[in-house]
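Spelled out from the first residue to the last, the chains are:
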Amino acid sequence: MDGQKRIQSALISVFHKDGLEPIIRELDRLGVHLYSTGGTQTFIEELGVKVTPVEDLTTYPSILGGRVKTLHPKVFGGILGRRDLESDVAQLEEYAIPPIDLVIVDLYPFEATVAAGGTESAIIEKIDIGGISLIRAAAKNHRDVVIIPAQRQYDALLRLLKEQDGGTTLAQRKLFATDAFAVSSHYDSAIHNWFAGDGAALRASAGPTTVLRYGENPHQLGAFHGDLTGMFEQLNGKELSYNNLLDLDAAIELIDDLATINGVPFAILKHNNACGAAVRPSLKEAWGAALAGDPVSAFGGVLITTATIDKATAEAIDPLFFEIIAAPGYEVEALEVLRKKKNRMILRRKPAARPPTKARSALNGILTEAADTVVATKESMRTATTKAPTTQELNDLVFASILVKHTKSNAIVLAKDDQLIASGTGQTSRVDALQQAISKAGKFNFDLKGAVMASDAFFPFPDCVEIAHHAGITAVVHPGGSIRDQDSIDFCNAHGMAMAITGTRHFKH
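Residues numbered from 1 in each chain as written. Predicted model: local features only at pLDDT ≥ 70, side-chain atom pairs only at ≥ 80, totals over all residues. Heavy atoms only, no water.

Trainee: What's the story with the overall build of the protein chain in this structure? I'm lost.
Mentor: In terms of regular secondary structure, the protein chain is built from 18 helices and 23 strands. For the protein chain, the spread of C-alpha atoms along the principal axes amounts to about 95 × 50 × 45 Å. The buried share of the protein chain, reckoned over its 509 residues, is 49%. When the accessible surface of the protein chain is split by element, carbon and sulfur atoms take 53% of a total near 24,200 Å². Across the protein chain, the centroid of the 51 positively charged side chains sits 3 Å from that of the 60 negatively charged ones. (Helix = DSSP H or I, 4+ residues; strand = E, 2+ residues; numbered from the N terminus. Buried < 20%, exposed > 50% of the residue type's maximum accessible area, 1.4 Å probe, protein only. Areas by Shrake-Rupley, 256 points an atom, 1.4 Å probe, with all protein chains shown as cover. Lys, Arg positive; Asp, Glu negative; His and termini not counted. Charge placed at Lys NZ, Arg CZ, Asp CG, Glu CD.)

Trainee: Help me understand the pairing of strand β14 (residues 322-327) in this model?
Mentor: Working note: regular strand, side chains alternate between the two faces of the sheet. In terms of burial, β14 is a largely internal element, 5 of the 6 residues being buried. Where strand β13 (residues 301-305) meets β14, 4 bridges bridge the pair, whose relative direction is parallel. Its bridge partner lying in β14, Val302 is registered against Ile324. Crossover handedness for the path β13 to helix α13 (residues 311-317) to β14: right-handed. Pairing of β14 with strand β15 (residues 345-349), which is carried by 4 bridges, proceeds in the parallel orientation. (Pairing = 2+ DSSP bridges. Right-handed = clockwise from strand over helix to strand, strands pointing away.)

Trainee: Just to check I follow, could you spell out the nonpolar core for this structure?
Mentor: Nonpolar side chains tend to gather and get buried jointly when the protein is soluble and globular. Core analysis: the biggest nonpolar cluster contains 56 residues, and Leu27, Leu34 and Ile104 have the highest contact counts within it. In terms of residue count, the dominant contributor to this core is helix α10 (residues 170-196) (7 residues). In contact with Leu27, not counting residues within four places along its chain, are Ala10, Ile12, Val32, Leu34, Leu102, Ile104 and Leu161. (Core = buried A, V, L, I, M, F, W, Y, C linked by side-chain atoms within 4.5 Å. Contact = heavy atoms within 4.5 Å.)

Trainee: Explain the packing of helix α16 (residues 430-443) against helix α17 (residues 463-471) to me, please; I cannot follow it from the model alone.
Mentor: The relative placement of two packed helices is expressed as an angle between their axes plus a distance between the axes. Packing of α16 against α17 brings their axes to within 9 Å, and their N-to-C directions diverge by 15 degrees. Considered as vectors, α16 and α17 are oriented roughly parallel to each other. For the crossing formed where α16 meets α17, the hand is right-handed. Across the interface between the two elements, Arg430, Val431, Leu434, Gln435 and Ile438 of α16 pack against Asp463, Cys464, Ile467, Ala468 and Ala471 of α17. Here the contact of α16 with α17 is composed, by residue class, of 7 nonpolar, 1 polar and 2 charged. (Axes fitted to C-alpha atoms, helices over the stretch in contact; angles between N-to-C directions. Parallel < 35°, antiparallel > 145°, perpendicular 65-115°, else oblique. Left-handed = near helix turned anticlockwise from the far one by under 90°. Nonpolar A, V, L, I, M, F, W, Y, C, P; charged D, E, K, R; others polar.)

Trainee: What am I meant to see in the sheet that holds β15 here?
Mentor: Spatial strand order, β10-β15-β14-β13-β11-β12: 6 strands in an open sheet with mixed pairing. The open sheet has two free edges, formed respectively by β10 (232-236) and β12 (273-280), since each of these has just one partner strand. For this sheet, the mean angle separating the axes of adjacent strands, direction not counted, is 20 degrees.

Trainee: Teacher, can you tell me more about helix α9 (residues 154-163) here?
Mentor: Think of an α-helix as 3.6 residues a turn; residues three or four steps apart then line up on the same face. Turning to α9, its buried residues are Tyr154, Ala156, Leu157, Leu158, Leu160 and Leu161. In this fold, the buried residues of α9 make contact with β2 (9-14), α1 (21-29), β5 (102-106), β6 (146-148), β7 (167-168) and α10. Two residues or fewer past α9, Asp165 is found with a positive phi of approximately 55 degrees.

Trainee: I keep staring at the packing of aromatic side chains and nothing clicks. Help me out?
Mentor: To describe a pair of aromatic rings, you give the distance between the ring centres and the angle between the ring planes. Counting across every chain of the model gives 6 aromatic pairs. Centre to centre, the rings of Trp194 and Phe195 are 5.0 Å apart; their planes meet at 80 degrees, and the pair counts as edge-to-face. Put simply, the rings of Phe110, Tyr187, Trp194 and Phe195 pair up and form one aromatic cluster. (Phe/Tyr/Trp six-rings, centres within 6.5 Å; stacked < 30°, edge-to-face > 60°.)

Trainee: Is there a simple way to think about the sheet that holds strand β23 (residues 498-501) in this case?
Mentor: In sheet architecture, strand pairing relies on hydrogen bonds along the backbone and comes in two forms, parallel and antiparallel. Read from one edge of the open sheet, 6 strands run β18-β23-β22-β21-β19-β20, paired in mixed fashion. Edge positions in the sheet fall to β18 (382-383) and β20 (420-424), since each has one partner strand and no second. Pairing of strand β22 (residues 475-478) with β23, which is carried by 4 bridges, proceeds in the parallel orientation. By the bridge assignment for β23, Ala475 is matched with Ala498.

Trainee: Would you take a moment to explain the packing of α1 against α9 for this structure?
Mentor: The interhelical angle for the contact between α1 and α9, taken along N-to-C directions, is 25 degrees, at an axis separation of 10 Å. As judged from the angle between their axes, α1 and α9 are roughly parallel. Judged by the twist between their axes, the crossing of α1 over α9 is left-handed. Each of Pro22, Ile23, Glu26, Leu27 and Arg29 in α1 lies in contact with α9, whose residues at this interface are Tyr154, Leu157, Leu158, Leu161 and Lys162.

Trainee: Would you take a moment to explain unusual backbone geometry for this structure?
Mentor: Leaving glycine aside, a negative phi is the common case for residues, and trans is the common case for peptide bonds. The linkage connecting Ser409 with the following residue, Asn410, adopts the cis geometry, with an omega of -10 degrees. Within the chain, Asn272 stands out as a residue other than glycine whose phi angle is a positive 75 degrees. Topologically, Asn272 is positioned in the loop between β11 (264-270) and β12. By relative accessible area, which is 16% here, Asn272 ends up buried. Here the phi dihedral of Asn445 falls at roughly 60 degrees; this positive angle occurs in a residue that is not glycine. Mapped onto the fold, Asn445 is located in the loop between α16 and β21 (452-455). By relative accessible area, Asn445 is classed as exposed at 70%.

Trainee: Just checking my understanding: could you explain the side chain of Asn141 for this structure?
Mentor: Relative to the helices and strands, Asn141 resides in the loop between α8 (130-140) and β6. Here Ile79 takes part through its backbone oxygen, which lies 2.8 Å from a polar atom of the side chain of Asn141. With sequence-adjacent residues up to four places away left out, Asn141 is seen in contact with Ile79, Leu80, Gly81, Arg82 and Arg83. (Polar contact = N/O pair within 3.5 Å; in protein donor to acceptor, adjacent residues only side chain to side chain.)

Trainee: Can you walk me through the environment of Ala274 in this structure?
Mentor: Within the secondary structure layout, Ala274 lies in strand β12. Looking at Ala274, the relative accessible area reads 9%, which means it is buried. Distance in space between the C-alpha atoms of Ala274 and Gly301 is 9.4 Å, their sequence separation being 27 residues. Excluding residues within four positions of it along the chain, Ala274 makes contact with Leu254, Ile268, Leu269, Leu403, Leu420 and Ser423.

Trainee: Quick question: what am I supposed to make of the pattern of salt bridges here?
Mentor: If charged atoms from side chains of opposite charge come close, those side chains can pair. Throughout the structure, instances matching the rule amount to 18 salt bridges. For Lys5, the salt bridge identified is with Asp144, shortest N-O distance 3.2 Å. Placement of Lys5 in strand β1 (residues 5-6) and of Asp144 in the loop between α8 and β6 is noted, with a sequence separation of 139 residues between them. Using a relative accessible area of 8% as the deciding quantity, one classes Asp144 as buried. Note that Arg354 is salt-bridged to Glu253, the shortest N-O span being 2.9 Å. One end of the pair, Arg354, is in the loop between β15 and β16 (357-362); the other, Glu253, is in helix α11 (residues 242-258), with 101 residues separating them in the sequence. It is possible to trace a salt-bridge network through shared partners that takes in Asp249, Glu253, Arg354 and Lys358. (Salt bridge = Lys/Arg side-chain N within 4 Å of Asp/Glu carboxyl O.)

Here's what the structure looks like:
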C-alpha cells in the first residue's frame with residue numbers, strides 16, 4: 001500500500017486511561033517498544049507490559065511539578081526526524097535519538113475543568129503544554145509518524161493495529177494528522193475564549209464535523225460542527241437534519257426555561273417556534289394541554305420535555321405524526337410504543353453544558369453575543385398599574401414571558417392556566433402579531449376571558465392593550481421602555497387591567 005510503514009516504537013502520554021488497555025496489549029503483541037511517563041507509565045506497568053520511562057530516554061527527571069516531562073530534543077527529535085532525509089537520520093544516530101513511530105495523547109481536560117467551575121489556578125494547570133506540542137509535532141511529521149490526538153480515536157487505532165498488523169498507509173496517517181490539528185485548534189480556542197471571558201471574543205472551534213444530508217434546503221450543503229453525542233443518544237430514527245438541529249436548539253432553550261416553573265413542562269415546536277406548550281402536575285396532562293394549543297401545527301413537530309416518558313404518555317403521543325421527541329429518559333414500554341415508526345427520531349438528552357456565546361455569520365464576518373440567560377420570575381415583574389395581577393395571572397405572566405422570549409420577533413404570546421393559547425410570530429407589526437394570536441385562539445375555540453398577554457418588546461402605542469382588552473385579556477406584561485409607556489398604563493388603569501413590566505427585552509431574529 002502507498003506509503004506503508006510499520007509501527008515499531010510508540011510514545012504514550014494520556015490523561016484518560018479508559019479504552020487504553022486493549023491498545024497497550026496489541027502494541028505489546030506486535031513487539032512495539034513503548035515509552036511513557038507519569039500516570040500513563042504506571043498504568044502500563046500495572047498491566048505487566050514493558051515500558052521505557054521517558055526520563056531514561058532524556059536522562060532528565062520530570063520537573064516543576066510535572067509541568068516539564070516530554071519537552072526534550074530526544075523526544076521531539078525522535079518524532080520530527082524525517083526518515084527519508086539522510087541528514088536527519090545522521091543526526092538521530094549522532095545523538096542517539098530513537099525514532100518514534102506512534103504518538104498517543106489525550107490532553108488535560110481544560111474545558112471540563114472550566115465547566116465544573118474550577119478555580120483559576122486549577123484551570124491554568126489544565127492547560128496542556130507537552131501534550132499539545134507532541135500532537136503538533138507528530139501531525140507535522142505524519143509522513144513517518146501516526147498521531148492519536150484524543151481518546152475518541154482509540155477505537156480507530158485499535159482496528160488498524162489488528163487489521164494491518166501494525167502497518168499504516170500515508171493516507172491513514174494524514175487522516176489522523178487532520179484530526180490532530182482539529183483537536184489542537186479546538187483546545188487553543190477554548191483556552192483563548194476562557195481568557196477573553198467577555199462573550200465578545202470569538203475563536204470558533206466546535207469539535208468534530210458531521211456532514212448532514214443537506215442544509216436548510218436540499219440544494220444547500222450542510223454540516224454540524226460539534227459533539228452531538230455529548231448532547232443526545234439517538235435511540236431510533238433517521239439521521240438528524242440541519243432543520244432538525246435548529247428546532248432542537250430552540251426546543252432545549254425553551255424547555256430549560258420552562259423547567260424553572262413548578263410542574264412538568266412539555267413543548268411542541270415547528271420552525272423554531274412553540275406551537276404548543278404547557279406545565280402540568282403530570283407528564284400526560286402536560287402533553288395533552290400542549291397539543292391542544294395547536295393540534296394542526298403539531299403535525300411534523302419536535303416534542304420535548306424534562307420528564308421521563310412513560311407508557312401512558314407514549315400511547316397518547318403515538319397517533320401523532322412527529323419528527324423528533326427528546327427527553328432525559330424513556331420507560332422500556334414507552335420505547336416499544338414509540339419505536340413502531342422506524343423514522344421517528346427518539347433522543348435521550350444528556351446533561352451537557354451549552355455555549356455561553358451565540359454566533360452567526362453576517363455580511364463578510366461573524367456576529368457574536370452572550371447567550372440570553374435571563375428568565376422571567378415573579379420577582380422580576382414590577383406592577384405598573386393600580387390593579388395588581390392575581391396569583392394565577394402572575395403565574396401565567398411568567399409562563400407567557402418565557403414563551404415570548406423564545407418566539408421570533410415581533411412576538412405576542414397569549415396564555416391561560418400555564419398553557420399556550422396562541423402566539424403571533426415573526427410579524428413586522430406588533431399589532432399584526434397580536435391579531436394573529438387572537439385569530440388563532442379563536443380557531444381552536446379558546447376563551448380569552450381571563451387570559452394574559454406577553455410581548456417581547458415594549459408597546460410603542462396603547463393599541464395592543466386596547467385590542468387585548470376587547471378580546472377579554474385581563475393582564476399584560478412587556479419590557480417597558482417606550483416614551484409612551486404611560487399611555488398603555490393609563491388605558492389599563494381605566495379598564496381594570498393589570499400590567500407588569502420586566503425591564504428586559506427579548507428580541508429574537
